[in-house]
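Working through the structure, step by step
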Amino acid sequence: MLKLSYDFEQAILPGNTDLKANVLLRFGADLPQSPRRDLNLSLVIDRSGSMAGWPLHHALNAAESVVDQLEPTDTLSVVVYDDKVDTPVPPHAVDDKTALKTSIRQVRAGGITNLSGGWLKGCEYVQDNFDPQKINRVLLLTDGLANMGIRDPKVLTATAGQKAIEGVVTSTLGFGQRFNEDLLISMARAANGNFYFIQSIDEATEVFNIELASLRSVVGQDLVVTLELADGVSLVDTLSLAKVNQTDGGNTEITLGDLYEGEDRCLGLSLSLAAIPPGEFTVMTLHYSANTVQNGEVQQVTGSAEVVAKLGTVEEAAMAASSNIILELSHLMIARAKATALELAEQGKVQDAEQALQTLTQELEEKGLNENFEIAEEIEQLKYFASRIAQRGLGNSGRKELRDQSYQTLTRNRKDLVGRGVEIGDEVSAMTVVNEVGSGVELQCFRQGGKLRIKALSDSYDAHKNVQFPRAIRAEGARYVVEGLELSKDGSFYRVQGKIVRLTKAGEVDNFATSYRSSPPKTGKASRGPASAADLPTTDVVGDGVLVQCVKAGSKLRARVVADNYEPDWNMRFPRSVREEGMLYVVDEIKVGPNGKSYIACGEIKRFVQPAVSS
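Scope of this entry: the structure provided in the associated data block. (Residues numbered from 1 in each chain as written. Predicted model: local features only at pLDDT ≥ 70, side-chain atom pairs only at ≥ 80, totals over all residues. Heavy atoms only, no water.)

**Regarding the packing of helix H5 (residues 181–190) against helix H11 (residues 395–411)**
- At a closest axis distance of 11 Å, the pairing of H5 and H11 adopts a crossing angle of 15°. Comparing the axis directions of H5 and H11 gives the class roughly parallel. Seen from above, H5 lies across H11 with right-handed handedness. From H5, Glu181, Asp182, Ile185, Ala188 and Arg189 reach across to H11, where they touch Arg399, Lys400, Arg403 and Tyr407.
- When the residues that make up the contact of H5 with H11 are grouped by side-chain class, the tally is 3 nonpolar, no polar and 6 charged. (Axes fitted to C-alpha atoms, helices over the stretch in contact; angles between N-to-C directions. Helix = DSSP H or I, 4+ residues; strand = E, 2+ residues; numbered from the N terminus. Parallel < 35°, antiparallel > 145°, perpendicular 65-115°, else oblique. Left-handed = near helix turned anticlockwise from the far one by under 90°. Contact = heavy atoms within 4.5 Å. Nonpolar A, V, L, I, M, F, W, Y, C, P; charged D, E, K, R; others polar.)

And the structure:
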């Protein structure tokens, strides 16, 4: 059966007055420990030109790590795509891991991004091997934009929803900074799957493992909750991210998706209550259902429960301690504020967006919630994003962080997925730099589970305690000097006191100086090639360059740009002496030709060599 618990933000609500009340519902599976469910899994990996180099290297290593964790009773397929779709691993029982990993290791980067072609092939494999007793899932990884095949986000999202109805769920993984986060989040939501932002190339294995661990712990699927509200009660907002529909009977139906072992599925609701006399009042009756494994079979379980609020006088409500649920509800309200601010900013309502974040920051601090480290971290995030939005400098990476942070908090109850972000702002380079610690306290920024944290390095301070620090000047590996640190009221973390400067000791290279972070100058001169491709210098990194591939077009060898945001069919002025079919190159710059319908390769040309995947 399913278990349900709930808490209102206030233990006693004021009666005889109209009010808004927030309530958090928690759903879990109250089942005896059942054996692990087998997986019917398809990994669909982008191998287009923008993945070339270390991104694809780490993605393939992550795929190998998935193979290592599967069992012979699991079914696995691996699909890779650029402009073509290939299947290095057809649907197969995981009974020869060495052979499977050898097939994965042979994948190489190629052309442009046919996301729909690769994803639909993965769905086909899962559907062909569909088993209602298994977890049937497609994991779609991409770092770019769909520029071939089906490209309409609405069509892709609707198709993901239809596949979910047929039993095939899709989780999406966005890699780096080029992918379309709106598309991947929409597909994951429509398919009742998960979305992940892989922010740096070495995070791929970690994020794959989080999703695999989630799949192993699925104890219920298709959790649906119907709200039957009492007279005088209305639903103001759904604080969690979920599918919300109205039933024919006028009730609200909310679809929450999977239930995970050891992880409550939370649903935050904001309600409006008309003036109700003191006493106990049934605010709503909940009806819920989910598919769970019982006696070795997937069976639907259902239940109903009443949600009862306690109401008292204004004095009683004021004296009653707020429930311990206030922190969890605060996280949901913070996440909703981030989503709202982004929406307002993109509508051009910059001041409204900034004000929404600043108002919530003030409310949290007035309630004293900044004495909780995680809420204090969120307050820093709110200030950071408010400043970025006000300066119209949110940027692509900032937008991805904002969407990811909002999505993860509103959908999952996992601390390792919320508050992640590794963007480095310009403020770090603009800081005053000193060469000695002197009488100050030395701090260092490091990455922990995708989050930028600060720790104290100086003696007499506990290096295991977190340090509350401005988000805008955090950069992985950077060191700082501050005038002092003070403990929070509960002694669990430090707060920075006084001026903050950046530390680079004498003789060290300042990796955060502006000159080290700027791109090399572009010459704008057309590329000239040596006698043959064999004479080109080689590289396994694309960096700030542009990836080009030589392809056969009829009887001619043509050079084509295979990076995102370029026209894949345009001809290019490119040295004939180095053209070899299928070869990949990295060029410094690509310019549009005088006719406006072709490209010119400019600067140095290097032959691209795919990094070897470790065995």
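**A word on a nonpolar patch on the surface**
- A cluster of nonpolar side chains, contributed by Trp54, Ile201 and Val541, occupies part of the molecular surface with about 220 Å² of accessible area.
- Summarising the element assignment, Trp54 is placed in helix H1 (residues 54–69).
- Among the residues examined, Trp54 registers a relative accessible area of 31% and is labelled partly exposed. (Patch = residues over 30% accessible without salt bridge, like charges linked within 9 Å, V, L, I, M, F, W, Y side chains within 5 Å. Areas by Shrake-Rupley, 256 points an atom, 1.4 Å probe, with all protein chains shown as cover. Salt bridge = Lys/Arg side-chain N within 4 Å of Asp/Glu carboxyl O. Buried < 20%, exposed > 50% of the residue type's maximum accessible area, 1.4 Å probe, protein only.)

**Some details on the nonpolar core**
- Formed by 45 residues in total, the largest nonpolar core has its most connected members in Leu41, Leu43, Ile45, Leu76, Leu141, Leu173 and Leu547.
- Residue contributions to this core peak at 7 residues, all from H1.
- Apart from residues no more than four positions distant in its own chain, Leu173 is found in contact with Leu139, Leu140, Leu141, Thr142, Leu184, Tyr196, Ile198, Val207 and Phe208.
- With 33 residues, the next largest nonpolar core counts Leu19, Leu223, Ile276 and Val283 among its residues. (Core = buried A, V, L, I, M, F, W, Y, C linked by side-chain atoms within 4.5 Å.)

**What about helix H3 (residues 115–128)?**
- Taking 1.5 Å of rise per residue, 14 residues should cover 20 Å, and H3 covers 20 Å from first to last C-alpha, within 8% of that figure.
- If you check which residues of H3 are buried, you get Leu115, Ser116, Gly118, Trp119, Gly122, Cys123, Tyr125 and Val126. (Expected span 1.5 Å × (residues − 1).)

**A short note on the side chain of Thr172**
- The topology assignment puts Thr172 in strand E8 (residues 169–175).
- Only 2.9 Å separates the side chain of Thr172 from the backbone oxygen of Leu184, close enough to count as a polar contact.
- Once you skip the residues sitting within four places of it in the chain, Thr172 turns out to touch Leu140, Leu184, Ile185, Met187, Ala188, Asn194, Phe195 and Tyr196. (Polar contact = N/O pair within 3.5 Å; in protein donor to acceptor, adjacent residues only side chain to side chain.)

**What to know about the pairing of strand E22 (residues 493–503)**
- Extensive coverage of E22 is indicated by the burial of 8 of its 11 residues.
- Sheet topology note: the strand E20 (residues 466–468)/E22 ladder contains 3 bridges and is parallel. Paired with Val467 across the two strands is Tyr494, which belongs to E22.
- Across 7 bridges, strand E21 (residues 479–487) lies against E22 in antiparallel orientation. The partner of Leu487 across the bridge, within E22, is Tyr494.
- Once E21 ends, the chain turns through 5 residues before running back antiparallel as E22, passing Gly491 with a positive phi of about 75°. (Pairing = 2+ DSSP bridges.)

**Some details on unusual backbone geometry**
- A positive phi angle is found at Arg392, which is not glycine, with a value near 55°.
- For Arg392, a relative accessible area of 67% puts it in the exposed group.

**Some words on the packing of aromatic side chains**
- Following the criterion strictly, the structure yields 12 aromatic pairs and no others.
- Measuring from ring centre to ring centre gives 6.3 Å for Phe179 and Phe195, while their planes differ by 50°; the resulting arrangement is tilted. Pair noted here: Phe179 is in the loop between E8 and H5 and Phe195 is in strand E9 (residues 195–198), with a separation of 16 residues, a long-range link.
- Here Phe179 falls in the buried class, since its relative accessible area comes to 2%.
- Both rings, one in Tyr461 and one in Tyr494, keep their centres 5.7 Å apart while their planes meet at 75°; by these two values the pair is edge-to-face. Residue Tyr461 is found in the loop between strand E19 (451–456) and E20, and its partner Tyr494 is found in strand E22; the two are separated by 33 residues along the sequence.
- A relative accessible area of 27% places Tyr461 in the partly exposed class.
- Judged by relative accessible area, which is 7%, Tyr494 ranks as buried.
- An aromatic cluster is present here, built from Phe179, Phe195, Phe197 and Tyr407 joined pairwise through their rings.
- If you follow Arg471 out to its NZ or CZ, it ends over the ring of Tyr384, 4.6 Å from the centre. (Phe/Tyr/Trp six-rings, centres within 6.5 Å; stacked < 30°, edge-to-face > 60°. Lys NZ or Arg CZ within 6 Å of the ring centre and 35° of its normal.)

**Here's the deal with the sheet that holds strand E11 (residues 233–238)**
- Strand order in this open sheet of 4 strands is E1-E3-E14-E11, and the pairing throughout is antiparallel. The strands lining the two open edges of the sheet, one partner per strand, are strand E1 (2–8) and E11. Put simply, the sheet's adjacent strands are angled 30° from each other on average, direction ignored.
- In terms of strand pairing, E1 meets strand E3 (residues 19–29) through 7 bridges, oriented antiparallel. From the neighbouring strand, Phe8 faces E3, where its bridge partner is Val23.
- On the sheet, helix H8 (residues 326–346) packs against E3, E11 and strand E14 (265–273) and is oriented at approximately 105° with respect to E3.

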